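Remarks on the overall topology
The chain contents come next:
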Amino acid sequence: MKALINFEKLNVIVATGMPGAYKVIIFFLIEILLGATVLGQTASQFSIAQILGFFTAIGWSSLILVRLPKLNDRKELVEEFNSLFSMGIIVYCGLLPIICLVGYYFFTIEMTLEFIALSLAWSLYQFPRHYLLSLKEYFKLIVLDSLIILATLALIFETKNPILSISIPFIISSIISIFLINHSSGARIGLKLPERKGIEFGFNNFLSGGLVLSIIPAAQHLTGAEFAGLISLFISVTAISLLIPRAVSLSQLPQLAKIGHDKLALLKMSQEMHRQISLFNWLTLGLNILIAFIVSFYFTGNIYPIEIISMSFIIFAAFFANKTLVYSNVLMVNESSQKLLSITFKVAAIYFCGLILVVITISELSFLFLTIIFLFCNIYRFLLARKAAGELLCQ
């Protein structure tokens, strides 16, 4: 008799959605205990730390996802992981003087030290997380994330310092996880100079993922920390409802990596993935619009059309971003980092030019204009990625 619940698929969905669940739970607690203004400030710092993480961790983690599934020997697998981890740490150490310099001139020493702790914590966490994802160890990843959430909640209640409460569990759990990954593997641990592909993938992820993350600091600058808190919570909640399309993408990426050389098999699998993601995309679209009304009413006690329209544009942008996942995966498994970089550079140039223009000419409608630009960029990126993936599969 066939099981009513496919626990393997359920584990994929939960494991993929844990970072989103983490942000919702932690952000809600910060808002309840410390207020919307502190939430807005914390969310802005968290977003900037995530943007930095694209260079120090996400680029190398992308290579972990596409390289480790091809390796069978544990020693060889862990050595590849260690190599990519060392590259990320070297890049972080290279950026550290710049972080300190900016902090010295524009922020207090306390704020700078907190940001260093937060950015290091987020960067470290990405490596064991993507190691477990690449090996499809979803249950272990769920346990790891659950322990991090519980530790963060306890620290927020105890210290009332959201930044340190977020940073400490990530750092400790990451160090322990990396030790366990290497334990009894016989793998060598050594420094390796960063590869160009890791930097390109990191820059590509920065130019694409950095768009949505930049919305929260921009909201704080344009409309204040309280509204930034509303937007950060809204983006976190809607990210959970969009976890199924991302779970489909992440769960099938290791298999795509294995068949990357076979264009026909890659085409067939990517078409099936596209159908699955499209189905869930449409189902979550209406749900996210409802969430926009609920979050807006929760924060303001009223429904403001401009807020709802702005959040709706963010929702539609996420809709097209999810549709782009299939084509990005096809390019990623072929390690076509330059094509991805070219696409995202064009899109990011448009977005950041628009962002600068909006910030310079601040008005009541500035944030609405920013979300329109954000939507346009995601549609344009979808069209470019579809074209590039189609050309690759037709070769």
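Treat the numbers as computed from the prediction; the structure is a model and nothing was measured.

**A short note on the overall build of the protein**
If you tally the helices and strands in the protein, you get 13 helices and 0 strands. Along its sequence from the N terminus, the protein presents helices and strands in the succession α-α-α-α-α-α-α-α-α-α-α-α-α. For the protein, the proportion of its 395 residues judged to be buried stands at 56%. The contacts of the protein with a sequence gap of at least 6 include a subset with a gap of at least 24, amounting to 83%. Accessible surface for the protein amounts to roughly 18000 Å². Of this, 70% is attributable to carbon and sulfur atoms.

**Some words on the layout of surface pockets**
The calculated volume of the largest pocket comes to roughly 910 Å³. Lining the largest pocket are 32 residues, and of these S44, Q45, I48, F107 and F115 lie nearest its centre. The set of elements that each furnish at least two residues to the lining of the largest pocket consists of α2 (36–67), α3 (74–106), α4 (109–134), α6 (162–182), α7 (196–223) and α12 (337–360). In terms of residue count, the dominant contributor to the lining of the largest pocket is α2 (9 residues). Considered class by class, the residues forming the lining of the largest pocket number 20 nonpolar, 11 polar and 1 charged.

**Considerations on the state of the cysteines**
Overall, the coordinates contain 0 disulfides when judged by the stated rule. The thiol sulfur of C377 is not disulfide-bonded, and the nearest other cysteine sulfur, from C353, lies at 9.7 Å. For C377, a relative accessible area of 1% puts it in the buried group.

**Considering the pattern of salt bridges**
A side chain of one charge can pair with a side chain of the opposite charge if their charged atoms are brought near each other. For the coordinates displayed, the defined rule picks out 3 salt bridges. Of the charged contacts in the structure, one is a salt bridge between R129 and D145, with a shortest N-O distance of 3.1 Å. In this pair, R129 sits in helix α4 while D145 sits in helix α5 (residues 138–159), placing the two residues 16 residues apart along the sequence. As far as burial versus exposure is concerned, R129 and D145 are alike and both buried. Between K140 and E137 there is a salt bridge, with its nearest N and O atoms 4.0 Å apart.

**Side note on the packing of α2 against α6**
Between α2 and α6, whose axes approach to 10 Å, the crossing angle comes to 40°. By the angle between their axes, α2 is oblique relative to α6. Contact residues: V38, T42, Q45 and F46 in α2; P162, I163 and I166 in α6. The residue makeup of the contact of α2 with α6, split by class, is 5 nonpolar, 2 polar and no charged.

**Quick word on α4**
Spanning 26 residues, α4 covers 38 Å between terminal C-alpha atoms, matching the ideal 38 Å at 1.5 Å per step. Burial analysis of α4 places 21 of its 26 residues in the buried class, which makes it a mostly covered element. Looking one or two residues beyond α4, the residue adopting positive phi is K136, at roughly 60°.

**Quick notes on the confidence of the model for the protein**
Interpreting fine coordinate detail is not advised for predicted regions of low pLDDT. On average, the protein scores 81 in pLDDT, and the residues at 70 or more come to 86%. No element of the protein has a lower mean pLDDT than helix α9 (residues 243–258), which averages 67, and none a higher one than α6, which averages 93.

**Topic: α2**
Its maximal kink placed at F54, α2 deviates by approximately 55°. In terms of burial, α2 is largely enclosed, as 27 of its 32 residues are buried.

**Details of the environment of G202**
With respect to the element layout, G202 can be found in helix α7. What makes G202 buried here is its relative accessible area of 1%. Aside from chain neighbours lying at most four places away, what touches G202 is F54 and G59.

**Quick notes on empty space enclosed by the protein**
Enumeration according to the criterion identifies 2 cavities of 30 Å³ or more in this entry. Size it by volume and the second largest cavity reaches roughly 60 Å³. Surrounding the second largest cavity, M18, P19, Y22, W122, Y125, D145, I148, I149 and F170 form its lining. The class makeup of the residues in the lining of the second largest cavity is 8 nonpolar, no polar and 1 charged.

**Observations regarding the nonpolar core**
Ranked by internal contacts, the top residues of the largest apolar core, which has 101 residues, are I231, F234, Y351 and F367. Grouped together as the second largest cluster of nonpolar side chains are 5 residues, I51, F54, I58 and L213 included.

**A word on the packing of aromatic side chains**
By the definition in use, this model includes 15 aromatic pairs. A ring pair is formed by W122 and F170, whose centres lie 5.7 Å apart and whose planes are at 90°; its orientation type is edge-to-face. Placement of W122 in helix α4 and of F170 in helix α6 is noted, with a sequence separation of 48 residues between them. Judged by its relative accessible area of 11%, W122 falls in the buried class. A relative accessible area of 3% places F170 in the buried class. For the ring pair F319 and F320, a centre distance of 5.4 Å and an interplane angle of 80° mean the geometry is edge-to-face. The exposure class of F319 is buried, given its relative accessible area of 7%. Members of the aromatic cluster, joined through ring pairs, are Y22, F27, F46, W122, Y125 and F170.

What counts as what
- Residues numbered from 1 in each chain as written.
- Predicted model: local features only at pLDDT ≥ 70, side-chain atom pairs only at ≥ 80, totals over all residues.
- Heavy atoms only, no water.
- Helix = DSSP H or I, 4+ residues; strand = E, 2+ residues; numbered from the N terminus.
- Buried < 20%, exposed > 50% of the residue type's maximum accessible area, 1.4 Å probe, protein only.
- Contact = heavy atoms within 4.5 Å.
- Areas by Shrake-Rupley, 256 points an atom, 1.4 Å probe, with all protein chains shown as cover.
- 1 Å grid on protein atoms, 1.4 Å probe; cavity = no way out; pocket = protein on both sides within 12 Å on 5 of 7 lines; lining within 4 Å.
- Points joined across faces, edges and corners; volume = space filled by probe spheres on them.
- Nonpolar A, V, L, I, M, F, W, Y, C, P; charged D, E, K, R; others polar.
- Disulfide = S-S within 2.5 Å.
- Salt bridge = Lys/Arg side-chain N within 4 Å of Asp/Glu carboxyl O.
- Axes fitted to C-alpha atoms, helices over the stretch in contact; angles between N-to-C directions.
- Parallel < 35°, antiparallel > 145°, perpendicular 65-115°, else oblique.
- Expected span 1.5 Å × (residues − 1).
- pLDDT = per-residue confidence, 0-100.
- Bend = angle between axes of the 7 residues up to and from the residue.
- Core = buried A, V, L, I, M, F, W, Y, C linked by side-chain atoms within 4.5 Å.
- Phe/Tyr/Trp six-rings, centres within 6.5 Å; stacked < 30°, edge-to-face > 60°.

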